[in-house]
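Given next are the chains, with one letter for each unit.
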Amino acid sequence: MTTLVKPNLDRPVASPQDLVDYLAHAAKPRERWGIGAELEKLVVDERTGEAASFEQIERFLGSLEQSGRWQGIREEGRLIALVGKTSSITLEPGGQMELSGRLCPDIHCCQVDFARHIDQVLATAKTEGLAFLGLGVQPFSPLTGIDLVPKERYGVMAPYMKRTGEMGLRMMKQTASLQVNLDFSDEADCIAKLRLSLSLAPLLYALFANSPILEGRPSGFLSTRGEIWSRTDPDRTGLIPPLFEEGAGFAAYVDWALDVPMYFIARRGTFLDMTKERFTFRRFMAEGFAGHRPLLADWDLHLSTLFPEARLRPQIEIRSADSLLPEQTMAMAALVKGLLYGEESRQEIWALFRNQDAAERDRLWRQSWRLGLKTPMGKRTLREVALEALDIARRGLRAERKRDAGGADESIYLEGIEEIAESGVTLAERLLAQWTGSRREQLATLMAHCRFGG
């Protein structure tokens, strides 16, 4: 999801500097900064709560395509995505449905796009017997009960995931998240934002924890998605420690990415599997692969297969929140924009995190999806940090002076999570408190908790 004009992706890569330049090309002047949201939803059978089959999802996409508002994208004759005038609908490996909207000038614009999308998909879902859940993990279906979407790239990734960690297939098939995309003005601005985004990951996990159920039972985590991701692939996930070293710039991100094993390259419309041995991008540059030399397109594709808590694609993408209820979805965008887009706000929130060392960052990160807002951070808890962060973000958004037709600024989107921070009780804990009774009663609880459209 981007309106970024990328350089010529067919250009050969001659040196690491070409990769640094590719990231630098994404810089924009302050007046052109935007914000984007990528919203994943779990798709389930409304009668059972089980993950919808790919056949059900494909029929649903076909119905949307027939409306004339979307153009279908197919692989081997199977409908796997839709493209509209300003947005797209794509499928994650387990059929999770993602809306990628345009890069908007403000959150009001994002909300309008999101509301329009939800209205469209809900109207069609009723005829197909499907429901959409704003939840971070499939609540009932085991791995064996979830179809793998027939996309060629997933056919390469799935076998590799079995070898890299304990939960790679769970990540692919069972999790759903919310991502926010931000712009930067230059290298220093980018690294400052990226470093802060990584530091904020524990706060985002705690505040937006919304996945406490796995395969019908409490998992022991408030964000089970966080635990799954941490046990997926240590090469390409986590907090990117080199970015916290003094003097880190684009080259630090490039060096980290160069040593992550590659999944594939695309040539003549097909993916060439590179997972049979540890084949990093650095090695690809030195040796080539199957007679092919690296292109900027290969680097662009490789960047899309890296999954740290915040990454460059080459815009900044923040990835730490569970999928949420519709009324809270824009709260994530509002929080990170309010904290990161104003220099005063960014310095104020960074002051809370800048003295942490690598061990403290890692401890806080791992505890956040277990303990939520009760996670200790120094002499405080993440609940207290969340309240301070919301106050900083609110002031930052008001200073932006981006108003909707009714005159409201973007701080209105924080209202959906202010009560969570004030009470210290996460969405996950609220769902757990009601998780009793028969499977039928649990399904009713689940639908009341997070079904789109009520």
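Residues numbered from 1 in each chain as written. Predicted model: local features only at pLDDT ≥ 70, side-chain atom pairs only at ≥ 80, totals over all residues. Heavy atoms only, no water.

## Description of the overall build of the protein chain
Step number 1: Tallying secondary structure elements over the protein chain gives 18 helices and 17 strands in all.
Step number 2: Taking 22 Å as the expected radius of gyration for a compact globule of 454 residues, we find that the protein chain reaches 21 Å, a close match to that expectation.
Step number 3: C-alpha atoms of the protein chain, sized along the principal axes, occupy 60 × 50 × 45 Å.
Step number 4: Put simply, of all contacts in the protein chain between residues at least 6 apart along the chain, 73% involve residues at least 24 apart. (Helix = DSSP H or I, 4+ residues; strand = E, 2+ residues; numbered from the N terminus. Rg over C-alpha atoms; globule rule 2.2 N^0.38 Å. Contact = heavy atoms within 4.5 Å.)

## Details of the pairing of strand S11 (residues 264-267)
Step number 1: Pairing of S11 with strand S12 (residues 270-273) involves four bridges; the strand directions are antiparallel. Along S12, the bridge assignment pairs Ile265 with Leu272. (Pairing = 2+ DSSP bridges.)

## Brief notes about unusual backbone geometry
Step number 1: Following Arg313, the chain continues to Pro314 via a peptide bond in cis, the omega torsion being 5°.
Step number 2: On the secondary structure map, Pro314 appears in the loop between strand S14 (310-312) and strand S15 (316-322).
Step number 3: Backbone geometry at Glu215 places phi at a positive 55°, although glycine is not the residue there.
Step number 4: Within the secondary structure layout, Glu215 lies in the loop between strand S8 (213-214) and strand S9 (217-218).
Step number 5: Taking the relative accessible area as the measure of exposure, Glu215 reaches 24% and is therefore partly exposed.
Step number 6: The backbone of Ile240 sits at a positive phi, close to 50°, despite the residue not being glycine.
Step number 7: Structurally, Ile240 is set in the loop between strand S10 (237-238) and helix H9 (250-258). (Buried < 20%, exposed > 50% of the residue type's maximum accessible area, 1.4 Å probe, protein only.)

## A few points about the packing of helix H6 (residues 187-199) against helix H13 (residues 343-350)
Step number 1: At a closest axis distance of 11 Å, the pairing of H6 and H13 adopts a crossing angle of 45°. With respect to each other, H6 and H13 are oriented oblique. In the packing of H6 onto H13, the handedness of the crossing is left-handed. Along its contact with H6, which presents Asp189, Ala192, Lys193, Arg195, Leu196 and Ser199, the element H13 presents Arg346, Ile349 and Trp350.
Step number 2: Residues of the contact of H6 with H13, tallied by class, amount to four nonpolar, one polar and four charged. (Axes fitted to C-alpha atoms, helices over the stretch in contact; angles between N-to-C directions. Parallel < 35°, antiparallel > 145°, perpendicular 65-115°, else oblique. Left-handed = near helix turned anticlockwise from the far one by under 90°. Nonpolar A, V, L, I, M, F, W, Y, C, P; charged D, E, K, R; others polar.)

## Topic: the state of the cysteines
Step number 1: With the rule as written, the count across this model stands at one disulfide.
Step number 2: Note on cysteine connectivity: Cys104 is disulfide-linked to Cys109, with sulfurs 2.1 Å apart. Taking the sign of the S-S torsion, -50° for the link of Cys104 and Cys109, the bridge is left-handed. (Disulfide = S-S within 2.5 Å.)

## Focus: the packing of helix H1 (residues 16-24) against H9
Step number 1: Interhelical geometry of H1 versus H9 gives an angle of 120° and a closest axis separation of 9 Å. Our classification of the angle between H1 and H9 gives oblique. As for how H1 packs across H9, the hand of that crossing is right-handed. For the pair H1 and H9, the contacting residues are Pro16, Leu19, Val20, Leu23 and Ala24 in the first and Phe250, Ala251, Tyr253, Val254 and Leu258 in the second.
Step number 2: Considering only residue class, the contact of H1 with H9 consists of 10 nonpolar, no polar and no charged.

## Digging into the environment of Arg361
Step number 1: Looking at where Arg361 falls in the secondary structure, it is placed in helix H14 (residues 358-371).
Step number 2: Through-space distance from the C-alpha of Arg361 to that of Pro202 is 8.4 Å; in sequence the pair is 159 residues apart.
Step number 3: Beyond its immediate stretch of four places on either side in the chain, Arg361 contacts Ser199, Leu239, Phe244 and Gln356.

## Observations concerning the nonpolar core
Step number 1: Ranked by internal contacts, the top residues of the largest apolar core, which has 148 residues, are Phe208 and Tyr253.
Step number 2: The biggest single contributor to this core is helix H12 (residues 326-340), with nine residues.
Step number 3: Excluding its chain neighbours within four sequence positions, the residues that come into contact with Phe208 are Ala321, Asp322, Leu324, Ala331, Met332, Leu335 and Ile417.
Step number 4: If you look at the next biggest cluster of nonpolar residues, it comprises six residues, including Phe221, Leu239, Trp365 and Trp369. (Core = buried A, V, L, I, M, F, W, Y, C linked by side-chain atoms within 4.5 Å.)

## Thoughts on the pattern of salt bridges
Where side chains of opposite charge bring their charged atoms close, a pairing between them can arise.
Step number 1: In this structure the tally under the stated criterion is 41 salt bridges.
Step number 2: The residue Arg102 makes a salt bridge to Asp113 at a minimum N-O spacing of 2.8 Å. Within this pair, whereas Arg102 is found in the loop between strand S5 (97-100) and helix H3 (107-128), its partner Asp113 is found in helix H3, the two being separated by 11 residues in sequence.
Step number 3: Since its relative accessible area comes to 10%, Asp113 is described here as buried.
Step number 4: For Arg380, the salt bridge is made with Glu388, and the minimal N-O distance between the two is 2.8 Å.
Step number 5: Relative accessible area serves as the criterion here: at 28%, Glu388 is assigned to the partly exposed category. (Salt bridge = Lys/Arg side-chain N within 4 Å of Asp/Glu carboxyl O.)

## Focus: H6
Step number 1: End to end, H6 covers 18 Å across 13 residues, agreeing with the expected 18 Å (1.5 Å per residue, within 8%).
Step number 2: Within H6, the full set of buried residues consists of Asp189, Cys190, Ile191, Lys193, Leu194, Arg195, Leu196, Ser197, Leu198 and Ser199.
Step number 3: Sitting at the head of H6, Asp186 places a side-chain oxygen 3.3 Å from the backbone nitrogen of Ala188. (Expected span 1.5 Å × (residues − 1). Polar contact = N/O pair within 3.5 Å; in protein donor to acceptor, adjacent residues only side chain to side chain.)

In short, geometric facts, not functional conclusions.
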